[in-house]
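Breakdown of the fold
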Amino acid sequence: MTSTPVAYLHVVRSGALTTVQDAGRPGWAHLGVGRSGALDAPAARLANRLVGNPPGAAVLETTLTGCAVRPDRPVVAVVGGAGCPVRVGGRPVAWGEPVRVPAGAVLEAGPAVTGLRSYLAFAGGLEPDAVLGSRSADLLSGLGPAPLGAGDTVPLGDPAKPSDLVEPGDLVGPSGPAGPSGPAKRRGPAERCGPPAAAGPVPWPGAPVELVLPVHLGPRHDWFTAPALRTLLTADYRVSPHSNRIGLRTEGPALERSRTEELPSEGVVLGAIQVPPDGRPVVFLHDHPTTGGYPVVGVVAERALAGAAQAVPGTRLRFVRA
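Details of the overall build of the chain
Helices and strands together make up the secondary structure of the chain, namely four helices and 23 strands. Counting every position in the chain, which comprises 322 residues, the buried fraction comes to 44%. Taken as a whole, the chain presents about 15,000 Å² of accessible surface, with 57% of it coming from carbon and sulfur.

Okay, here's the thing in structure tokens:
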């Protein structure tokens, strides 16, 4: 049996920041390794679903300015997450729906019109070398593939389904569905991937006009004054342009501490709200450090962080009691 030749995705334009992300690498915090993974996890899962991938398959995550890539074999792809213009071979195609990209054609996700981060999923997924069970790039630790640049290549996964998972529609005879017309054969990869032909438009969550983050206070809320805690839960903040995959920084009133001594470094989790010396909360996102020495006033529920991934700088932000 001959192996399938490796196909690649060639980066034509990388934009401001384009990385490979999957479901991340949870479970390694005790060794100082963060989770990483797609910041807008629901968008990445939906994009994968639309091209027939497992939900945790690796995708491209772009930030603000999009990217352009060229596969060297035909592939079904979806651009979702942040709304943006999409082109294949220079011609406009649907955003948020599966499209067929011929070999050698350029798939371009343009600048975000709504939201911040777009996700490009490809049938078969992306297959750079995995590190600790994940193909995700972690910008803080440097684990996983480096952020992409023009001229880089990323291996494309084989979209062929395993034989024990073949669905009835995956087998065709010489002139139609397998049956009396003759022996069955598999569909080609570009024919086999993506949703059923009858699938209609899929609703994608919109980017937040106002970001509301539910907060569980603690573990160090007692390091802050009572007025500071009221401020946290009642004041209007804005998303800072200095936010990144490590943390969502805020602009707004500072939180006054009731204790001023140094805090020994301790473990921090996804969604932790750390308060640095300037007093303005920082919400830790997927590339966060696993320990920190500034007090954590509360933790945002993970389910709310997808909105944080799509909140553009200047978005109004409120913290509320969970």
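Concerning the sheet that holds strand β9 (residues 107–109)
Within the open sheet, the six strands sit side by side as β7-β6-β9-β4-β1-β11. Their pairing is antiparallel. In this open sheet, the two edge strands, each paired with only one partner strand, are β7 (91–93) and β11 (153–156). Geometrically, the sheet is characterised by an average inter-axis angle of 30° between neighbouring strands, direction not taken into account. The sheet contact formed by strand β4 (residues 67–71) and β9 spans three bridges and is antiparallel. Paired with A68 across the two strands is E108, which belongs to β9.

A short note on the environment of T260
Among the structural elements, T260 can be located in the loop between β17 (247–251) and β18 (266–267). You can call T260 exposed: its relative accessible area is 70%. In this structure the C-alpha to C-alpha distance between T260 and W223, which are 37 residues apart in sequence, comes to 8.1 Å.

Comments concerning the packing of aromatic side chains
Counting across every chain of the model gives two aromatic pairs. Taking 5.6 Å as the distance between ring centres and 50° as the angle between the ring planes, the aromatic pair formed by W95 and W204 counts as tilted. With W95 in the loop between β7 and β8 (99–101) and W204 in the loop between α2 (189–192) and β15 (210–217), this residue pair connects regions lying 109 residues apart in the sequence. For W95, a relative accessible area of 28% corresponds to the partly exposed category. Under the relative-accessibility criterion, W204 is labelled buried at 13%.

Describing the confidence of the model for the chain
Residue-level pLDDT values for the chain average 88, and 86% of them are 70 or greater. The low-confidence segment residues 161–198 (pLDDT under 50) makes 52 contacts with residues lying over four places distant or belonging to another chain.

Some words on helix α1 (residues 41–50)
Of all the positions in α1, only A43, A44, L46, A47, N48 and L50 are classed as buried. Buried residues in α1 make contact with β3 (59–63), β5 (75–83) and β10 (114–122). Directly after α1, the chain includes G52, whose backbone phi takes a positive value near 85°.

What about unusual backbone geometry?
The omega angle of the peptide bond from G218 to P219 is 10°, so this bond is cis rather than trans. Tracing the chain through its elements places P219 in the loop between β15 and α3 (226–234). Even without being glycine, L64 reaches a positive phi, approximately 70°. With respect to the element layout, L64 can be found in the loop between β3 and β4. The class of L64 is partly exposed, set by a relative accessible area of 44%. A positive phi angle, near 50°, is found at L132, a position not held by glycine.

Considerations on the pairing of β5
Along a regular strand, successive side chains alternate from one face of the sheet to the other. Taken across its nine residues, β5 has nine buried, putting it largely inside the fold. In the sheet, β5 pairs with β8 via three bridges, with the strands oriented antiparallel. Across the sheet, V75 pairs through a bridge with V101, a residue of β8. With six bridges joining them, β5 and β10 adopt antiparallel strand pairing. Residue pairing in the sheet places V78 in a bridge with A121 of β10.

Topic: the environment of S14
Tracing the backbone shows S14 in the loop between β1 (7–13) and β2 (18–21). In the structure, S14 is positioned 137 residues away from G151 in sequence and 8.9 Å away in space, judged by C-alpha atoms. Apart from the residues lying within four places of it in its own chain, the contact partners of S14 are G66, C67, L148, G149 and A150.

A few points about the pattern of salt bridges
For the structure on display, the rule yields nine salt bridges. Among the ionic pairs, E210 bridges to R316, the shortest N-O distance being 2.6 Å. Note that E210 is positioned in strand β15 and R316 in strand β23 (residues 316–321), a separation of 106 residues in sequence. What emerges from the salt-bridge pattern is a single network uniting E210, D236, R316 and R318.

Brief notes about the sheet that holds β5
What holds strands together in a sheet is hydrogen bonding between their backbones, with the strands either parallel or antiparallel. Read from one edge to the other, the open sheet built from five strands follows the order β2-β3-β10-β5-β8, with strand pairing classed as antiparallel. Looking at the sheet topology across the chains shown, the edges are occupied by β2 and β8. Taken pair by pair, the neighbouring strands of this sheet meet at an average axis angle of 30°, ignoring direction.

Let's talk about the nonpolar core
Core analysis: the largest hydrophobic core is formed by 68 residues, its most contacted members being L60, V69, L107, L120, F122 and F319. Setting aside residues no more than four positions away along its own chain, V69 makes contact with L9, H10, V11, V12, L60, A105, V106, L107, L120 and F122. Counting five residues, the second-largest nonpolar core is a separate cluster that includes V268, A272, V282 and V296.

Basis of the calculations
Along each chain, residue indices are assigned from 1 in the same order as the chain's sequence is written. For a predicted model such as this one, the threshold for reporting local features is a pLDDT of at least 70, and the threshold for listing and counting side-chain atom pairs is 80 or more; totals across whole chains, interfaces and linings nevertheless cover every residue. Calculation of side-chain values draws on the structure's entire complement of heavy atoms; hydrogens and water are dropped beforehand. A helix here means a DSSP run of H or I that spans at least four residues, while a strand means a run of E at least two residues long, and both kinds are numbered starting from the N terminus. The buried label goes to any residue with under 20% of its type's maximum accessible area, the exposed label to any with over 50%, and the partly exposed label to all in between, with areas taken from a 1.4 Å probe on protein chains only. Residue exposure ignores everything except the shown protein chains as possible cover, and the areas themselves are Shrake-Rupley values with a 1.4 Å probe. Strands pair, by our definition, only if DSSP identifies at least two bridges between them. The axes used here are C-alpha line fits, helices contributing only the stretch in contact, and every angle between their N-to-C directions lies in the interval 0 to 180 degrees. Between 30 and 60 degrees the pair is tilted, below 30 it is stacked and above 60 it is edge-to-face, where a pair is any two Phe, Tyr or Trp rings, Trp via its six-membered ring, whose centres lie within 6.5 Å. Values of pLDDT, the confidence the predictor places in each residue, fall between 0 and 100. The contact criterion used throughout is that any non-hydrogen atoms of two residues lie within 4.5 Å. By definition here, a salt bridge exists when the distance from a side-chain nitrogen of Lys or Arg to a carboxyl oxygen of Asp or Glu is within 4 Å. Side-chain atoms within 4.5 Å link the members of a nonpolar core, which is a set of buried Ala, Val, Leu, Ile, Met, Phe, Trp, Tyr and Cys residues.

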